[in-house]
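Residue-level listing of the chains:
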Number of protein chains: 2
Amino acid sequence: MSADPALRREIPDATVARLPEYLRTLSRLAEDGVLSVSSEELAAEVGVRSAQLRKDLSHLGSYGVRGVGYDVETLALEISRALGLTEDWPVAIVGMGNLGHALASYSGFVTKGFRIVGLYDDDPALADEKIVGVAIRPLAELTEHHAVDPIAIGVIATPAPAAQAVCDALVGAGISSILNFAPAVLSVPSGVDVRRVDLSTELQILAFHAQRKSLAAGDLRAAVAAP
Amino acid sequence: MSADPALRREIPDATVARLPEYLRTLSRLAEDGVLSVSSEELAAEVGVRSAQLRKDLSHLGSYGVRGVGYDVETLALEISRALGLTEDWPVAIVGMGNLGHALASYSGFVTKGFRIVGLYDDDPALADEKIVGVAIRPLAELTEHHAVDPIAIGVIATPAPAAQAVCDALVGAGISSILNFAPAVLSVPSGVDVRRVDLSTELQILAFHAQRKSLAAGDLRAAVAAP
DNA sequence: TCAACTTTGTGCATGGGTTCACAAACGTCT
DNA sequence: AGACGTTTGTGAACCCATGCACAAAGTTGA
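Here the structure is a predicted model, which is why all the values come from computation and not from measurement.

Reading the values: rules and limits
- Residues numbered from 1 in each chain as written.
- Chains lettered and ligands numbered in written order.
- Predicted model: local features only at pLDDT ≥ 70, side-chain atom pairs only at ≥ 80, totals over all residues.
- Heavy atoms only, no water.
- Pairing = 2+ DSSP bridges.
- Helix = DSSP H or I, 4+ residues; strand = E, 2+ residues; numbered from the N terminus.
- Contact = heavy atoms within 4.5 Å.
- Axes fitted to C-alpha atoms, helices over the stretch in contact; angles between N-to-C directions.
- Near = heavy atom within 4 Å.
- Polar contact = N/O pair within 3.5 Å; in protein donor to acceptor, adjacent residues only side chain to side chain.
- Nonpolar A, V, L, I, M, F, W, Y, C, P; charged D, E, K, R; others polar.
- Buried < 20%, exposed > 50% of the residue type's maximum accessible area, 1.4 Å probe, protein only.
- Salt bridge = Lys/Arg side-chain N within 4 Å of Asp/Glu carboxyl O.
- Buried area = accessible area lost by both parts, 1.4 Å probe.

A. Geometry of the sheet that holds strand 2 (residues 64-65) of chain B. Residues and elements named next belong to chain B. Pairing within the open sheet is antiparallel, and its three strands lie in the order 1-3-2. A strand with exactly one partner marks an edge of an open sheet, and here the two such strands are strand 1 (36-37) and strand 2. Both strand 2 and strand 3 (residues 69-71) contribute to a ladder of two bridges, which runs antiparallel. Bridged to Val65 within strand 3 is Gly69. Its contacts with the sheet place helix 5 (residues 72-83) against strand 1 and strand 3, and it is angled at close to 75 degrees to strand 3.

Structure, rendered in structure tokens:
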């Protein structure tokens, strides 16, 4: 009756968002031969408060040793388990422009529980080109491919106008986890997860803060120019 | 004494993060010839609650008309102003691998208040290649360049091991807004803004939810396998 | 074995963010 | 001009997340 808390309880979204960072740092420490870390040390590496780190980890279970800290390897394994990275997730990328190429050859894929099984683009000029050993195929072949060799996560790297149609195709094929790099809001049925990564949103947020800094630095044009 | 609230008051971070989405949707509506929207309609487009949208907009000032809604063009302009997009922000990209190339040729740059003024990479094979009219130069030239033609935002698109050194170079040159695509935590002096965009973090968050869904779907292995 | 020290895990308080619900404000129609 | 319907802007309640502070639990050294 006392199963793994990671699977029984709800892990808060804010915590889930930090787990990959913890895992990355732990992996680096493991490579450096570090065997054990305290919450204080690990938190400092990651850039969070130690109390936050401990509370986050407490949602996965109790893997620390009081007076000592956490075993690096054990903790990394438990976080991997919680995130579902003990198995490999098959990923397909749709849209093989500059961004799609960059994503396909991104080393972060293979190392961490993800495996590219499909690359799609309807541009005939790209047909049969191979990246990391996978051929680029027309999107129409996706459903067929998915039936033979299931895809867990679809990545959309097309221009914005094509994104919704591609999304519909992915959902239609039965894929329910989507990572969207196109600057467009996708509408999907409930049960489908969409995460968006958008360069220009991030730039705009930076611009906002940059503006605030330059105004705070004694630039009073705004106040003077106010109507 | 009643200056623009966007410049006087503090706009919550959560609101700032949503403003680019509102702006993008408003721009699309404007292109489609829509003159006016209610908070209900706009919220539906963006995928948020109307109350949230109204509260967000209220932080910028009072630009709606009761009983009618918001003028699309006016609201878009006010959001642009709040975000600081009425002026162009000069951007430099460091690291011209696949990702750097993709970012440099990304159309979202020029259209929305950003302008690429520098591309840097120490790989001699890339020297003097031009993308969107800008030559790739060694990173050592950055400080000099910045002194002549200031850079507001630095984008790091290098592999993780190089990220901190590049970051130090950017900060050393006087750049205080950084967008980091490398999977590494950067340490910077206070006053410098860093935002991180990380593919593998996003994939891992998707994997977590995908795992939850597959477990919830009647797969009881976890409960049975529990010690 | 026991005391002193270290570090985890967590109850509790605090703060922000989201949602609800409604009064105030506007346009419209008679 | 006045009544009616619509939509904004916002006070108030709720909810989640963060940070503090400490008891519980472990190690180390005498």
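B. Just the pairing of strand 7 (residues 134-137) of chain A, in detail. All names here are of chain A. The pairing of strand 5 (residues 114-120) with strand 7 spans two bridges and is classified as parallel. Bridge pairing in strand 7 links Leu119 to Ile136. Where strand 6 (residues 130-131) folds back on strand 7, the antiparallel hairpin that results is connected by two residues, among which Val132 adopts a positive phi of roughly 40 degrees.

C. Inspection of the protein's contact with DNA strand C at higher detail. In the vicinity of DNA strand C there are 25 residues, among which Ser39, Ser62 and Tyr70 of chain A together with Arg18 and Arg66 of chain B approach most closely. Considering the 4 Å shell around the protein, atoms of DNA strand C inside it are sugar or phosphate in 68% of instances. Here a sugar or linking oxygen of DNA strand C sits 3.0 Å away from a polar atom, N or O, in the main chain of Gly67 of chain A. Mapped by element, the contributors of at least two residues to the surface near DNA strand C are helix 4 (50-58), strand 2 (64-65) and strand 3 (69-71) of chain A together with helix 2 (13-31) and helix 4 (50-58) of chain B. Of the residues assigned to the surface near DNA strand C, the class counts are nine nonpolar, eight polar and eight charged.

D. How the structure looks around the protein's contact with DNA strand D. Around DNA strand D, the structure places 26 residues, and the nearest of them are Arg18, Lys55 and Arg66 of chain A together with Ser39 and Tyr70 of chain B. When atoms of DNA strand D within 4 Å of the protein are split into backbone and base, the sugar-phosphate part holds 67%. The separation between a base nitrogen of DNA strand D and a polar side-chain atom of Arg54 of chain A is 3.4 Å. Measuring from a phosphate oxygen of DNA strand D, one finds a side-chain N or O atom of Ser39 of chain B at 2.6 Å. Per-element tally for the surface near DNA strand D: the top contributor is helix 4 of chain A, with four residues. Looking at the surface near DNA strand D residue by residue, the class counts come to nine nonpolar, eight polar and nine charged.

E. Region of interest: the pairing of strand 5 of chain A. Residue and element names in this part refer to chain A. Among the seven residues of strand 5, six are classified as buried, and the element is accordingly described as predominantly covered. Pairing analysis gives six bridges linking strand 4 (residues 89-94) to strand 5, with the strands arranged parallel. Among the inter-strand pairings, Pro90 is bridged to a residue of strand 5, identified as Arg115.

F. Broad picture of unusual backbone geometry. Within the chain, Asp128 of chain A stands out as a residue other than glycine whose phi angle is a positive 75 degrees. Secondary-structure assignment places Asp128 of chain A in the loop between strand 5 and strand 6.

G. Highlighting the pattern of salt bridges. Taken as a whole and judged by the stated rule, the model has 24 salt bridges over all chains. We note a salt bridge from Arg81 of chain A to Glu78 of chain A, for which the minimum N-O separation is 3.6 Å. One end of the pair, Arg81 of chain A, and the other, Glu78 of chain A, are both in helix 5 (residues 72-83), three residues apart, so they sit about a helical turn from each other. Among the residues examined, Arg81 of chain A registers a relative accessible area of 37% and is labelled partly exposed. By relative accessible area, which is 10% here, Glu78 of chain A ends up buried. Ionic pairing is found between Glu21 of chain B and Arg196 of chain A, a salt bridge with its closest N-O pair at 1.8 Å. In this pair, Glu21 of chain B sits in helix 2 while Arg196 of chain A sits in strand 10 (residues 193-196), so the two residues belong to two different chains. For Arg196 of chain A, a relative accessible area of 27% gives the class partly exposed.

H. Spotlight on the interface of chain A and chain B. Each side of the interface is counted separately: chain A has 61 residues, and chain B has 61 residues. Taken over both partners, the interface formed by chain A and chain B buries close to 5,800 Å², and the fraction arising from carbon and sulfur atoms is 65%. Among the residues chain A hides against chain B, the three largest losses belong to Leu199, Gln204 and Leu206 of chain A. Together they make up 12% of the total. One can count 10 salt bridges joining chain A with chain B. Counting the contacts that link chain A with chain B gives 20 residue pairs in polar contact (both at pLDDT 80 or more). Mapped by element, the contributors of at least two residues to the side of chain A that touches chain B are helix 2 (13-31), helix 3 (39-46), helix 5, helix 6 (98-104), strand 9 (177-180), strand 10 and helix 10 (199-216) of chain A.

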